[in-house]
Amino acid sequence: MTPYICEFLGTMILVMLGDSVVCNVNLKKSNMFGGGVVIITLGWGLAVLLPAFIFGAASGAHFNPALTLALAVDGSFDWAMVPGYVIAQFAGAFVGGCIVWGMYKLHLDAEENVAMKKGVFCTAPSIRNIPMNIFAEACGTFILVFAIKGIGQVTGIAGGLNYLLVFAIIVSIGMSMGGLTGYAINPARDLGPRLAHTLLPIKDKGSSDWPYAIVPVVGPILGALVAVLLYGAVFPG
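A brief look at the structure comes next. Because the structure is a prediction, the values reported are computed rather than measured.

Here the structure, examined in full by the defined rule, presents six aromatic pairs. Ring plane angle 80 degrees and centroid distance 5.7 Å describe the contact between Y4 and Y85, whose orientation is recorded as edge-to-face. On the criterion of sequence distance, the pair formed by Y4 in helix α1 (residues 3–26) and Y85 in helix α4 (residues 82–103) is long-range, its members being 81 residues apart. Among the aromatic residues, those joined into a cluster by ring pairs are F142, F146, Y231 and F235.

Here's what the structure looks like:
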């Protein structure tokens with residue numbers, strides 16, 4: 001299986017699990033309605049962990065265009081593979097969003113809160129201020145990428161333990177910063193399902209808020225680039 005297919009499938013599974021936990025907790029007809037943001041945060045961490053275990057050895061388990069770009073900038077990933085990875089990640093996220101709609105169609109149709117429906121698919125800020133929202137996403141992604149790079153400084157990690165540490169990183173970011181913007185920290189994770197929200201015949205879905213989409217693109221890319229550049233300065237060679 002090529003790494004591109006692995007990135008497609010991994011990102012698809014990530015979005016399937018991540019968007020589904022939002023459905024489970026926030027859609028009123030779900031048996032798990034009202035479970036709270038802690039379940040959502042843990043669910044998103046597991047949504048990253050499970051495909052990382054499956055595809056980590058085959059593709060590196062990026063599942064995130066900002067991470068792929070940053071690793072290419074610091075020389076640890078081949079630039080020639082960047083376009084294929086990014087396309088696979090966005091495509092996987094879009095398909096994942098479509099599958100979530102198929103699974104939860106009846107629940108989405110029964111949900112009256114338009115913002116809640118959109119929130120299943122894509123992120124939104126608690127206080128809308130585009131520059132500050134970009135800053136928040138950049139900070140979250142900086143932590144993500146700097147910590148992922150830092151795992152390489154830990155000696156004697158047993159096989160697969162690095163992915164458990166990534167789970168901890170995702171949960172930590174969500175617990176500490178998730179209330180600001182929903183911590184996309186990944187352009188594909190937001191834009192793929194946002195496009196699904198736009199194109200799918202979701203009942204009374206309202207706007208997909210594309211003007212906000214600059215935030216989960218620019219913020220994560222800036223944060224990821226600063227992370228690898230600073231990491232290279234702190235740990236040269």
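Another aspect to go through is the pattern of salt bridges. Scanning all chains against the criterion turns up six salt bridges. One salt bridge in this structure joins D109 and K105, with 2.7 Å as the shortest N-O distance. Of this pair, D109 and K105 both sit in helix α5 (residues 105–110), four residues apart, which is roughly one turn of that helix. Judged by relative accessible area, which is 33%, K105 ranks as partly exposed. The closest approach of N and O atoms between R128 and D209, which form a salt bridge, is 2.8 Å. Of this pair, R128 sits in the loop between α6 (114–121) and α7 (130–150) while D209 sits in the loop between α9 (187–199) and α10 (215–234), placing them 81 residues apart in sequence. Look at D209 and you get buried, because its relative accessible area is 15%.

The topology assignment puts K118 in helix α6. Taking C-alpha positions, K118 is 9.7 Å from L108, a pair spaced ten residues apart along the chain.

Attention now goes to the packing of helix α2 (residues 37–59) against helix α8 (residues 161–181). Between α2 and α8, the least distance of the axes is 8 Å, while the angle of their chain directions is 155 degrees. As the angle between them shows, α2 and α8 are arranged roughly antiparallel. The way α2 lies across α8 gives a crossing that is right-handed. Contacts between α2 and α8 involve V38, T41, L42, W44, G45, L46, V48, L49, A52, F53, G56 and A57 from the former and Y163, L164, V166, F167, I170, V171, G174 and M175 from the latter.

Reading the values: the criteria
- Residues numbered from 1 in each chain as written.
- Predicted model: local features only at pLDDT ≥ 70, side-chain atom pairs only at ≥ 80, totals over all residues.
- Heavy atoms only, no water.
- Phe/Tyr/Trp six-rings, centres within 6.5 Å; stacked < 30°, edge-to-face > 60°.
- Helix = DSSP H or I, 4+ residues; strand = E, 2+ residues; numbered from the N terminus.
- Salt bridge = Lys/Arg side-chain N within 4 Å of Asp/Glu carboxyl O.
- Buried < 20%, exposed > 50% of the residue type's maximum accessible area, 1.4 Å probe, protein only.
- Axes fitted to C-alpha atoms, helices over the stretch in contact; angles between N-to-C directions.
- Parallel < 35°, antiparallel > 145°, perpendicular 65-115°, else oblique.
- Left-handed = near helix turned anticlockwise from the far one by under 90°.
- Contact = heavy atoms within 4.5 Å.

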